[in-house]
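Observations on the model geometry
Below, each chain spelled out in residue letters.
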Amino acid sequence: MEMEDQMESQKRREMSKDNLISEQTGSLGCIGWFIVIISGMFTLLLFPFTIWFCLKIVQEYERAVIFRLGRITDRKAKGPGIFFILPCTDSIVKVDLRTVSFDIPPQEILTKDSVTVSVDGVVYFRVNDPIASVANVSNADSSTRLLAQTTLRNVLGTKNLSELLSDREGIAHSMQFNLDEATDNWGIKVERVEIKDVKLPHQLQRAMAAEAEATREARAKVIAAEGEMNASRALKEASIVISESPSGLQLRYLQTLSTIAAEKNSTIIFPLPMDVISHFMKK
């Protein structure tokens, strides 16, 4: 699926470039070629001085798009390194190919379940096609920044609050795909999108905290009730075992006395069988 998307993106880019550049590269017409020849002759006549206007250098991370009498001269940008231009007819636009990062300002967004949140993020992009970034859009950097803000609003407007808090990675991938598809004709490649922070209203934070506390208390009560039920079952089983052996009850009495005596208490309770007490009560 990703390979198919990349192939379609490459085809769209080639079609966009073909629309910008004429089929015959450098087809300037008779007047255009006349001006170019005059400019070349002028350059040769003043060669020692015009050499400084003809030589251009671009850095390793830059590319130069050359316009000759307003037309793009080649299907491929120049650079890096040194190259020559005609000083009177040619003009160049340098394009930086390095990755650029920018912060998306906090956006007040209404989620799908009607909750207002403030979300911000960060986007990493670079120029993938210098010619398209110069000829297809007036300012690729500013346009990408504005499009990132609207894309953040559109994507998060289709999500619930729970999805927004738990599925940030999925939202980031969705934003990256939408941005990359929209900026493809501008020669921009969106490399990464991240959601930085999600700010909730204070009232909603208190409501969520109260809900979480109530959930914890309910869970604690359920656990305590289950413990009481298990303890009652254990006592019932113990009483059945003791009732089967009368001597076991006496041994339990002695064990209880041993436990009380080990704590060095001044008062010791000595249990007596009910049969002995009932004998004295009859008298």
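Summary of the structure given here. (Residues numbered from 1 in each chain as written. Predicted model: local features only at pLDDT ≥ 70, side-chain atom pairs only at ≥ 80, totals over all residues. Heavy atoms only, no water.)

1. Things to note about the side chain of serine 118
Locating serine 118 in the fold gives a position in strand S7 (residues 116-127). Excluding residues within four positions of it along the chain, serine 118 makes contact with Pro106, Gln107, Glu108, Asp197, Val198 and Lys199. (Helix = DSSP H or I, 4+ residues; strand = E, 2+ residues; numbered from the N terminus. Contact = heavy atoms within 4.5 Å.)

2. Re the packing of aromatic side chains
Tallied over the entire structure, the rule returns 1 aromatic pair. Aromatic side chains phenylalanine 102 and phenylalanine 125 sit 5.7 Å apart centroid to centroid with 70° between the ring planes, which places their arrangement in the edge-to-face category. With phenylalanine 102 in strand S6 (residues 100-110) and phenylalanine 125 in strand S7, this residue pair connects regions lying 23 residues apart in the sequence. Phenylalanine 125 matches phenylalanine 102 in its accessibility class, with the two residues each being buried. (Phe/Tyr/Trp six-rings, centres within 6.5 Å; stacked < 30°, edge-to-face > 60°. Buried < 20%, exposed > 50% of the residue type's maximum accessible area, 1.4 Å probe, protein only.)

3. Notes on the packing of helix H2 (residues 29-45) against helix H3 (residues 47-54)
Look at H2 against H3: their axes get within 6 Å of each other, and the N-to-C directions meet at 120°. Relative to H3, H2 is oriented oblique. Touching Phe42, Thr43, Leu44 and Leu45 of H2 are Phe47, Thr50 and Cys54, all from H3. (Axes fitted to C-alpha atoms, helices over the stretch in contact; angles between N-to-C directions. Parallel < 35°, antiparallel > 145°, perpendicular 65-115°, else oblique.)

4. With respect to unusual backbone geometry
In this model, glycine 79 is joined to proline 80 through a cis peptide bond whose omega is -5°. Counting through the fold element by element, proline 80 comes out in the loop between strand S3 (71-72) and strand S4 (81-84).

5. Some remarks on the side chain of threonine 144
By the secondary structure assignment, threonine 144 is in helix H5 (residues 140-156). A residue is classified by how much of its surface remains accessible, and threonine 144, at 0% relative accessible area, is buried. A polar side-chain atom of threonine 144 sits 2.7 Å from the main-chain carbonyl oxygen of alanine 140. The contact partners of threonine 144, leaving out residues within four places of it in the chain, are Phe102, Phe125, Thr183, Trp186 and Ile188. (Polar contact = N/O pair within 3.5 Å; in protein donor to acceptor, adjacent residues only side chain to side chain.)

6. Concerning the sheet that holds S6
If you trace the 3 strands from one edge of the open sheet to the other, you get S6-S7-S8, paired in antiparallel fashion. For this open sheet the edge positions go to S6 and strand S8 (188-199), each flanked by a neighbour on one side alone. Averaged over neighbouring strand pairs, the angle between their axes works out to 25° when direction is ignored. Sheet topology places S7 next to S8; 10 bridges connect them, and they run antiparallel. Across the sheet, valine 119 pairs through a bridge with valine 198, a residue of S8. Sheet strands touched by H5: S6, S7 and S8. Its angle to S6, the strand with the most contacts, is close to 35°. Against the sheet, helix H7 (residues 168-182) touches S6, S7 and S8, its axis set at about 145° to S8. (Pairing = 2+ DSSP bridges.)

7. Quick look at the sheet that holds strand S2 (residues 62-68)
If you trace the 3 strands from one edge of the open sheet to the other, you get S3-S2-S5, paired in antiparallel fashion. On the outer flanks of this sheet lie S3 and strand S5 (90-96), each paired with one strand and no other. Relative to S5, S2 is paired through 7 bridges, and the arrangement is antiparallel. In the strand pairing of S5, arginine 68 is matched with aspartate 90.

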